[in-house]
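Remarks on the overall topology
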Amino acid sequence: MGYIDIIKRGIGVANKNLWAILTQLIASVALVMVFAAGAVVLILAAAGSLAGVKLEDFKPEDITALIQSSVVMITVVVFLFLLFLLLAMLVMSYVIAGNTGCMIETAKGDAAGFTSSGFFGAARRSAIWLFFLYILLMLIFLGVFAVFAAAGGIGIWGVLLPLKDAGRQLIAFAVGVPFLVVLILGFLVAWFFIYAGSMVSSVILVGDDTGPLHAIGAAYGFMKRNFWDALLFTLLVVVLSFAANMASQIITLPFNLMSESNPMMAIALLPLMVVSMVFQMYVSIAATSAFAVYYLDRTAPPAPEPEPEGPGIPDEPEEELLLEPEIMDEEEKR
């Protein structure tokens, strides 16, 4: 299929799985409530520890105790934040695994749309593996970012600025422009592999019920074989998703400006913000559906070639009736 046909098919798959938006919304609200409850508990604990401190009775030796209590509080906050981050990743992995499974089954034609059995079945099978997949992809992204940041720092502060300070501006310009172009293009290619790889590998992991390492290897092998095709399709999906999200932001921009001038308007604009968030979730599941359709279409086995039409099996020649000589003589006499 062509790109436009794949996008249309992906939107159709997303429309048949609109319940996926509800699952993401429920998970997001639950995580926000957990985060808010934890923040309130920490604020109350910090306020309670400072309640007995009086400025008139404050002594210099109390500074050490206050610093120690602050260090302990900061350590607890960092630990709880990391714990919440892991919990959020695990919950969203469960939801995304279930929704992706329903989208894949719909794209294959094995299901008419979102079903609870398909959601919970895919989530139970693939949630943990998808969680580890996201951790691996995050580590890959941090490693790639560190490499490009180090290369850029060495090139700029180690080569270009010394050349400029030495009065060789022309050489610095001649070297710096190609260096920055190559650096930016290399980062964009790496970002393409990470973004498209995350989408394709999640489809492979859930669809094939495999592990994260195999899913990453299969995804990058697929993109290596279909580099330009996958690159153009990814750019199209990114551009359309960005345009859709920008359209929702432009629509809500006047209301956001009104809420800044009048804080009470923020409460009245809450339903509009929820609608904007739901629309962004729809764009997300539409992009996932499009990648599922794209991968299934590009990896579908070729249709069997039709058998050549020939003249067919020749009819057997009719057997000639051989008459015995005696019968032939009698017939001749007659």
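Attention in this report is confined to the structure presented alongside it.

What counts and what doesn't
Residues numbered from 1 in each chain as written. Predicted model: local features only at pLDDT ≥ 70, side-chain atom pairs only at ≥ 80, totals over all residues. Heavy atoms only, no water. Helix = DSSP H or I, 4+ residues; strand = E, 2+ residues; numbered from the N terminus. Buried < 20%, exposed > 50% of the residue type's maximum accessible area, 1.4 Å probe, protein only. Phe/Tyr/Trp six-rings, centres within 6.5 Å; stacked < 30°, edge-to-face > 60°.

1. Thoughts on unusual backbone geometry
Phi at D209 takes a positive value of approximately 55 degrees, unusual for a residue other than glycine. With respect to the secondary-structure elements, D209 resides in the loop between helix 5 (169-208) and helix 6 (212-225). Judged by its relative accessible area of 43%, D209 falls in the partly exposed class.

2. Some words on the environment of F222
Along the chain, the position of F222 falls in helix 6. F222 sits in the buried class, given a relative accessible area of 1%. As a C-alpha pair, F222 and S201 span 21 residues in sequence and 9.7 Å in three-dimensional space.

3. Structural notes on the packing of aromatic side chains
Any pair of aromatic rings gets described here by the distance separating the centres and the angle formed by the planes. In this structure the tally under the stated criterion is 20 aromatic pairs. Centroid distance Y94 to F119: 6.2 Å. Interplanar angle 80 degrees. Geometry classified as edge-to-face. Remark: F119 occurs in helix 4 (residues 116-165) and Y94 occurs in helix 3 (residues 62-108); sequence separation between them is 25 residues. For F119, a relative accessible area of 6% gives the class buried. Consider the rings of F227 and W228, whose centres lie 5.0 Å apart with planes at 80 degrees: the pair is edge-to-face. Here F227 falls in the partly exposed class, since its relative accessible area comes to 23%. Following the ring pairs from residue to residue traces out a cluster consisting of Y3, W191, Y195, F222, F233, F291, Y294 and Y295.

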